[in-house]
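A structural walkthrough
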Amino acid sequence: MNPASSQLSAFDSQPERKGRPGVFGRAQGHLAALGAALLLGLAGQAAAVTLVPSAAYTVTGASVRDAAWFPDGARAVVAADSAVMILDTQAKVQRQWLAFDRPVTDVAVSPDGQFVAARTRAEVVIWRASDGREMQRKSLEGGQDLGFTATGEVLILGKTLKALNIQTGRQRLILDEEQAPAELHVSANGTRAVLIWEASAQLVTTAAPSKPLVERELDESESVRQVEFSPDGKTAVVLTDVSFVLTEGAEPVELPEDVEKYGVITLPDNETVLYMDSGVAQSYSLTTGEAVGEEIPVDIEGQVRAGGQNLLVSYGESEKVQLLDAKSFAVRASLTPFSSNVTIGGFLPTGQVLAGVSEARQLSAAGARAVPNLPGELRLLKMAGGNLWGSTSSSVGIINNGRYTKLADLPKDRGGRALELNAAGTFAVSTSYPGLSVISLATGKITKALSAEQLKMEDVHEAIPTPDGKALILIPHTGDVVRYDLSTGRQTTAYTVAKGDEPLRLAMSAGGTLIVTLTNDTEDRIALIKPGSTKAFKTVPVPGYIEAVALSPDGKTLAVSLSSAPQGVLLIDIATGNVVARGPRLSLGTPVLAWSASGKQLLIGAGVYGREGSVNVLDLR
């Protein structure tokens, strides 16, 4: 199991769900049923519009979440966003699979080096390494760990612990739901595993996981961050509040207090564990727990895994994969993988594309070019009124000729998380959970700054201005969607939220049609509400998770980006609620969805499933 797999970055661009567990917890059967219903609904009508990918751009900045070495030490497999790739010792990509539409959180290599396995929170795929052939693909229950056994099976932990036969695809039950542990960590040679329970950690053989070789109790407050094995698999180090060593045939050995769970461990041999934190590395004996040798200065970010030919692989924090000399820690080779999505993006009025992961760059067929006059902390881009507007965490401005001109400084805790504008581009509202600011884009002045307390809300989850700028539509922490009159402070219901539903996103046309995206335990939907009503005249179910919505410049068509769906983009006629077009499946979810000023192109901040790409432009034909 990847130690960072439970700490998905904000990338990961999944929408925030206030009232239910993470977005991955929904049963896949509901998605299949919704997808079938949508396809049947469209089968009898010709699509009025076709979405055609016309340009794809690639930028770096992938989240690298896991890595594993092949037994020969000459290759490593890494997980970068939704891609899985095999690298040689020069960090050159030898093989790549683009087979997921979610973040890959764990990878593993079989002890004989013949197979590679990878998983998301929804499925696991096993390939033959020699030719890349997909051997098995299985749906998962969410949050599983996996690892190869020495006999060539794949252990998969969900609600139960099962073993998957690579050749036949058959699964056999090892531990039922009452017996299954919370975590599974398997040694590279497949002989041993560590099972993490609520109150203990056990070292077991993969052949008999119900019979612990050695066990150590865990305090209720202890949370396991990382588990690593020695090359022979007989010893494991558990990094937690009080880190310790589990060795077959010996009592558990506690490591010094200096070995804190916020550092990183790797086991380069069968005698020592290497602990790295705050720019230094220290070795400790696996037998006594005592420090061995002197501290060594290191410049390593993220996780480190031993197993190469005198090499370590470092990955994670810097969005790079680095191959390091195992003794000097010098960087021998590195790779910055392409990202499967972006976190910021939009069209310039001229039609040029700005997009990126950590910062917006101008994209073209020649590659990504830095824009020196854009602030590095630019976080949000919105097109309205024929202009491109932007926001940092502390300001709102306009972008002209590649230059960001600040219009207003945002008061502390009164914006910076989200930016929404009215259709004419004359008013904007910048929100944060503690409060919001309303900005006149004509004068550049903040006309109103409100705290959640002043709004009598626990916090503010979403806000948009009405077309005339005289009111706001708000999503509070709980309850109905409300309309707030900016002159009187009066609040009225804008949309009555049904029991079990949770509103997530808002949009409003120039004519006053309100759009509210909804989620519950079984599906995501889009509610369309006519002016003056508090109930939807049409509710549209969608076959996936809604990541973003954007109204076309003429206000007639709603674009919807979806993750984990057979169609990554839908176009909906807001007058009728009919789906008029659907775009390709995406490689990852993204919050970036933008129309061009002409309304003839859509920018989607993700790759197309099965292809390299971080950003795609879709033509409407």
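Scoring rules and cut-offs
- Residues numbered from 1 in each chain as written.
- Predicted model: local features only at pLDDT ≥ 70, side-chain atom pairs only at ≥ 80, totals over all residues.
- Heavy atoms only, no water.
- Helix = DSSP H or I, 4+ residues; strand = E, 2+ residues; numbered from the N terminus.
- Rg over C-alpha atoms; globule rule 2.2 N^0.38 Å.
- Buried < 20%, exposed > 50% of the residue type's maximum accessible area, 1.4 Å probe, protein only.
- Contact = heavy atoms within 4.5 Å.
- Areas by Shrake-Rupley, 256 points an atom, 1.4 Å probe, with all protein chains shown as cover.
- Lys, Arg positive; Asp, Glu negative; His and termini not counted.
- Charge placed at Lys NZ, Arg CZ, Asp CG, Glu CD.
- Polar contact = N/O pair within 3.5 Å; in protein donor to acceptor, adjacent residues only side chain to side chain.
- Pairing = 2+ DSSP bridges.
- Core = buried A, V, L, I, M, F, W, Y, C linked by side-chain atoms within 4.5 Å.
- Patch = residues over 30% accessible without salt bridge, like charges linked within 9 Å, V, L, I, M, F, W, Y side chains within 5 Å.
- Salt bridge = Lys/Arg side-chain N within 4 Å of Asp/Glu carboxyl O.
- Axes fitted to C-alpha atoms, helices over the stretch in contact; angles between N-to-C directions.
- pLDDT = per-residue confidence, 0-100.
- Phe/Tyr/Trp six-rings, centres within 6.5 Å; stacked < 30°, edge-to-face > 60°.

1. Considering the overall build of the chain
Of regular secondary structure, the chain possesses one helix and 56 strands. What you see for the chain is a C-alpha radius of gyration of 26 Å, in line with the 25 Å of a compact globule of 621 residues. Viewed in the frame of its principal axes, the chain has a C-alpha envelope of about 75 × 50 × 50 Å. For the chain, the proportion of its 621 residues judged to be buried stands at 56%. Within the chain, counting contacts between residues at least 6 apart in sequence, those at least 24 apart form 45% of the total. With the model as given, the accessible surface of the chain reaches about 25,300 Å², and the carbon-plus-sulfur share is 46%. Side chains of the chain give 56 positive and 67 negative charges; the mean places of these two sets differ by 12 Å.

2. A short note on the environment of Asp501
Note on placement: Asp501 falls in the loop between β45 (491-495) and β46 (502-508). Sequence spacing of Asp501 and Leu620 is 119 residues, and the spatial spacing of their C-alpha atoms is 32 Å. Contacts of Asp501, omitting those with residues within four sequence positions, involve Leu518, Thr519, Asn520 and Arg525. Here Asn520 takes part through its side chain, which lies 3.1 Å from a polar atom of the side chain of Asp501. A polar contact of 2.5 Å, which involves the side chain of Asp501, links it to the side chain of Arg525.

3. Structural notes on the sheet that holds strand β19 (residues 235-239)
Ordered by their spatial adjacency, four strands build an open sheet running β18-β19-β20-β21, and the pairing between neighbours is antiparallel. Edge positions in the sheet fall to β18 (226-229) and β21 (253-254), since each has one partner strand and no second. Bridge count for β19 against strand β20 (residues 244-247) is four bridges, and the pairing is antiparallel. Its bridge partner being in β20, Thr235 is matched across the sheet by Thr247.

4. A closer look at unusual backbone geometry
Here the phi dihedral of Asp413 falls at roughly 65°; this positive angle occurs in a residue that is not glycine. Residue placement: Asp413 occurs in the loop between β37 (403-409) and β38 (418-421). Classification of Asp413 by relative accessible area gives partly exposed; the value is 39%.

5. Some remarks on the nonpolar core
Formed by 19 residues in total, the largest nonpolar core has its most connected members in Val78 and Met85. Taken together, the elements giving at least two residues each to this core come down to β2 (64-69), β3 (75-80), β4 (83-88), β27 (311-315), β28 (321-325) and β29 (331-335). For Met85, the residues in contact, after removing those within four places along its chain, are Ala76, Val77, Val78, Ala80, Val93, Arg95, Gln96, Leu335 and Pro337. Core analysis: the next-biggest nonpolar cluster, separate from the first, contains 17 residues, Ala68, Ile86, Phe100 and Val125 among them.

6. Description of a negative patch on the surface
There is a patch of like negative charges on the surface, built from Glu257, Asp258, Glu260, Glu294 and Glu295. Locating Glu257 in the fold gives a position in the loop between β21 and β22 (264-266).

7. Looking at the pairing of strand β51 (residues 557-563)
When a strand is regular, its side chains alternate between the sheet's two faces. The buried fraction of β51 is high, at seven of seven residues. Of the two faces of β51, the one carrying Thr557, Ala559, Ser561 and Ser563 and the one carrying Leu558, Val560 and Leu562 are both buried. Where strand β50 (residues 545-551) lies against β51, six bridges are found, and the strand directions are antiparallel. Of the residues in β51, the one forming a bridge with Ala548 is Ser561. The turn joining β50 and β51, which pair antiparallel and follow one another in sequence, is formed by five residues; a positive phi near 75° is taken by Gly555. Taken together, β51 and the strand that follows it, strand β52 (residues 569-573), pair antiparallel across an intervening segment of five residues, in which Ser564 is found at a positive phi of about 55°.

8. Quick notes on the sheet that holds strand β5 (residues 93-97)
Sheet architecture is open: four strands sit in the order β2-β3-β4-β5, paired in antiparallel fashion. For this open sheet the edge positions go to β2 and β5, each flanked by a neighbour on one side alone. For this sheet, the mean angle separating the axes of adjacent strands, direction not counted, is 20°. In terms of strand pairing, β2 meets β3 through five bridges, oriented antiparallel. For Asp66, the partnering residue across the bridge sits in β3 and is Ala79.

9. Some thoughts on the confidence of the model for the chain
Residues of the chain with pLDDT of at least 70 account for 92%, and the chain-wide mean is 89. Scored below 50 in pLDDT, residues 3-47 makes 102 contacts in the model with residues more than four places away or belonging to other chains.

10. Focus on the pairing of strand β41 (residues 445-451)
In the sheet, strand β40 (residues 435-440) pairs with β41 via six bridges, with the strands oriented antiparallel. Within β41, the residue paired with Ser440 across the bridge is Lys445. Between β40 and β41, which follow one another and run antiparallel, lie four residues, and Gly444 among them has a positive phi close to 75°.

11. Things to note about the packing of aromatic side chains
In the structure shown here, the tally under the stated rule is two aromatic pairs. Geometrically, the ring pair formed by Trp97 and Trp127 is stacked, given 4.4 Å between the ring centres and 10° between the ring planes. With Trp97 in strand β5 and Trp127 in strand β8 (residues 123-128), the pair connects residues that are 30 residues apart, well separated along the chain. Residues Trp97 and Trp127 agree in their burial class; the two are buried. Summarising the aromatic geometry, the rings of Phe100 and Trp127 are spaced 6.1 Å apart at their centres and angled 80° between planes, so their arrangement reads as edge-to-face.

12. A short note on the pattern of salt bridges
In the structure shown here, the tally under the stated rule is 21 salt bridges. A salt bridge links Arg128 to Asp131, with the shortest nitrogen-to-oxygen separation between them at 2.7 Å. By relative accessible area, which is 39% here, Asp131 ends up partly exposed. The shortest N-O distance in the salt bridge between Arg192 and Glu248 comes to 2.6 Å. With a gap of 56 residues between them, Arg192 in strand β15 (residues 192-196) and Glu248 in the loop between β20 and β21 connect regions that are remote in the sequence. The class for Arg192 is buried, based on a relative accessible area of 13%. Here the residues in one salt-bridge network are Asp66, Glu228 and Arg305, joined through shared partners.

13. Re the environment of Ser334
Relative to the assigned elements, Ser334 resides in strand β29. Of the residues examined, Ser334 reaches a relative accessible area of 42% and is grouped as partly exposed. Considering only alpha carbons, one finds Ser334 and Val481, 147 residues apart in sequence, at a separation of 49 Å.

14. Focus: the side chain of Gln136
Relative to the elements of secondary structure, Gln136 occurs in strand β9 (residues 134-139). In terms of polar contacts, Gln136 uses its side chain to reach the backbone carbonyl oxygen of Ile166, at 2.9 Å. Contacts of Gln136, omitting those with residues within four sequence positions, involve Val124, Val125, Ile126, Leu164, Asn165, Ile166, Gln167, Thr168 and Gly169.

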